[in-house]
Amino acid sequence: MRSKAPTFPTPVLLTSSEEVARICEKLQHEPFVTIDTEFVREKTYWPELCLVQLAGTEDVVLIDTLAPGIDLAPLGDLLAKPDCIKVFHAARQDLEIFLHIFDRLPVSVFDTQVAAMVAGFGDQVGYDSLVGAITGRSIDKAHRFSDWSARPLSNAQIAYAAADVTHLRTVYDALRKQLAEQDRLHWADSEQAVLTEEKTFRPDPRRLWEKLKARTSNRRMLGILREVAAWREQEAQNADIPRQRVIRDESLLEIAAVHPDTVEALSRIRGVTRGFAEGKMGKGLLEAICTAQECPESELPKAPSKSERARPSAALVALLRVLLAAKCEEHKVAPRLVASSEDLDLIALGETDVGALRGWRRELFGLDAQALVRGEIALAVVNGLVELQHVAETVA
């Protein structure tokens, strides 16, 4: 599928509140607006927004969010307009930024990366690859790692940033048309529903310990890990520094294992300096450890152990993986969008509360996957392709 890319207006850099208000009011009346952001995050917890790119039918603008005194409230109003679709590519980081700034998520969002996976362009296809596939044009990658907080912006940076939203208009039109022809618009809507939920971008700090993958079944140790991980997250947010700059993962895991209860003991933890242990953060960390130590046994987290359930047959899971690849090849959809590795394990065990067994995934893959597990169908190679064949019942 190749779409001819139109010629777009010269991008305009906006540095005043009045300019932002005028363009955002105008864009509210568009059927859709393409949006991207440039930001830096290496030294902060919260992304520092440096630039917002917007493209409408007649306008391509770049809002300099670092301009002194600039008011972004009109941009928030535009993002909240339900009748105007906001088109992003790989939207999660952009949405996280807007949620932090405006304390609400944009509405009527369309993510072209998700849509491209549904349409059959592969797993997590990059913007430049998608533009090339749809328009035949190549994207200049020279400024991908620019310091977008530095001013003034060069003409080359402005052109690069504008290209992130101009070609996106062509990509959006082409994907909408293809998904409509494939009768998959509802698939895309289903996949993008997670982007409308604040919990996607504001995880519970008391669940972050699960990402540290402690190799223990000791519930008290896990309780300490839960408290100190939550403490670190709050400290990182308050100080606006990366969580690893507060204290590293390895240090948290060691703290959970040895549960220091004094400044002296804390200072002996690998990666913890004496100054840290004696300071305000050290005091807060020791208090978090104490809170975990006093937690009733019944309220401690349970160890996430795969041994608690039966292990599926590796051979059966391998067959399900082949079936998944074959069905996705047939229907031209990205496999990771249909079923995860955990889904395949659960289906192999005969579980039914599985994402791949709901909605459109059930029709595309789930029903055949269950039939394969029950031995009702087999996989065969016919003319170089994997096909499903029904297994005749054996007469006793």
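Above: the structure in question.
These numbers come from a predicted model, not from an experiment.

What counts and what doesn't
Residues numbered from 1 in each chain as written. Predicted model: local features only at pLDDT ≥ 70, side-chain atom pairs only at ≥ 80, totals over all residues. Heavy atoms only, no water. 1 Å grid on protein atoms, 1.4 Å probe; cavity = no way out; pocket = protein on both sides within 12 Å on 5 of 7 lines; lining within 4 Å. Points joined across faces, edges and corners; volume = space filled by probe spheres on them. Helix = DSSP H or I, 4+ residues; strand = E, 2+ residues; numbered from the N terminus. Nonpolar A, V, L, I, M, F, W, Y, C, P; charged D, E, K, R; others polar. Axes fitted to C-alpha atoms, helices over the stretch in contact; angles between N-to-C directions. Parallel < 35°, antiparallel > 145°, perpendicular 65-115°, else oblique. Left-handed = near helix turned anticlockwise from the far one by under 90°. Contact = heavy atoms within 4.5 Å. Phe/Tyr/Trp six-rings, centres within 6.5 Å; stacked < 30°, edge-to-face > 60°. Buried < 20%, exposed > 50% of the residue type's maximum accessible area, 1.4 Å probe, protein only. Pairing = 2+ DSSP bridges.

A. View of empty space enclosed by the protein. For the structure shown, the criterion picks out one cavity of 30 Å³ or more. Counted as a void, the largest cavity has a volume near 30 Å³. Together, Gly76, Leu79, Ala80, Phe98, Phe102, Arg104, Leu105 and Pro106 line the largest cavity. Of all the secondary structure elements, the ones that give two or more residues to the lining of the largest cavity are helix H2 (73–79) and helix H3 (92–102). Its residues placed into classes, the lining of the largest cavity shows six nonpolar, one polar and one charged.

B. The arrangement of the packing of helix H14 (residues 314–331) against helix H16 (residues 341–348) in detail. Between H14 and H16, whose axes approach to 9 Å, the crossing angle comes to 120°. It follows from the interaxial angle that H14 and H16 lie oblique. The handedness of the crossing between H14 and H16 is right-handed. Together, Leu316, Val317, Leu320, Arg321 and Leu324 of H14 and Ser341, Leu344, Asp345, Ile347 and Ala348 of H16 make up the contact between the two elements. By residue class, the composition of the contact of H14 with H16 is seven nonpolar, one polar and two charged.

C. Examining the packing of aromatic side chains more closely. Tallied over the entire structure, the rule returns seven aromatic pairs. Centroid distance Phe88 to Phe98: 6.4 Å. Interplanar angle 55°. Geometry classified as tilted. In this pair, Phe88 sits in strand S5 (residues 85–88) while Phe98 sits in helix H3, placing the two residues 10 residues apart along the sequence. The exposure class assigned to Phe88 is buried, which follows from its relative accessible area of 0%. Three or more aromatic residues link up through ring pairs in this structure, and these residues are Phe32, Phe110 and Tyr172.

D. Geometry of the sheet that holds strand S6 (residues 109–111). Reading across from one edge, S1-S4-S3-S2-S5-S6 is the order of the six strands in this open sheet, with mixed pairing throughout. Each edge of the sheet is formed by a strand with only one pairing partner; in this case those strands are strand S1 (12–14) and S6. In this sheet, neighbouring strand axes are inclined to one another by 30° on average, regardless of whether the strands run parallel or antiparallel. Contacts from helix H4 (residues 112–119) reach S5 and S6, with the element oriented near 55° to S6. Along the sheet, helix H6 (residues 155–181) contacts S1, strand S2 (32–40), strand S3 (48–55), strand S4 (60–64), S5 and S6; its crossing angle with S2, the most-contacted strand, is approximately 140°.

E. Structural context of unusual backbone geometry. With an omega of 5°, the peptide bond between Arg151 and Pro152 qualifies as cis. At Lys332, a position not held by glycine, the phi torsion is positive, near 55°. Mapped onto the secondary structure, Lys332 falls in the loop between H14 and helix H15 (335–338).

F. Focus on the pairing of S4. Of all the five residues making up S4, five are buried; the element is thus mostly covered by neighbouring parts of the structure. Going residue by residue along S4, you find Val60, Leu62 and Asp64 tucked away on one face and Val61 and Ile63 tucked away on the opposite face as well. Pairing of S1 with S4 involves three bridges; the strand directions are parallel. Bridged to Leu13 within S4 is Leu62. Judged from the five bridges that link them, S3 and S4 form a sheet pairing that is antiparallel. Across the sheet, residue Val52 finds its bridge partner in S4, namely Ile63. The hairpin turn running from S3 into S4, its antiparallel successor, is four residues long.

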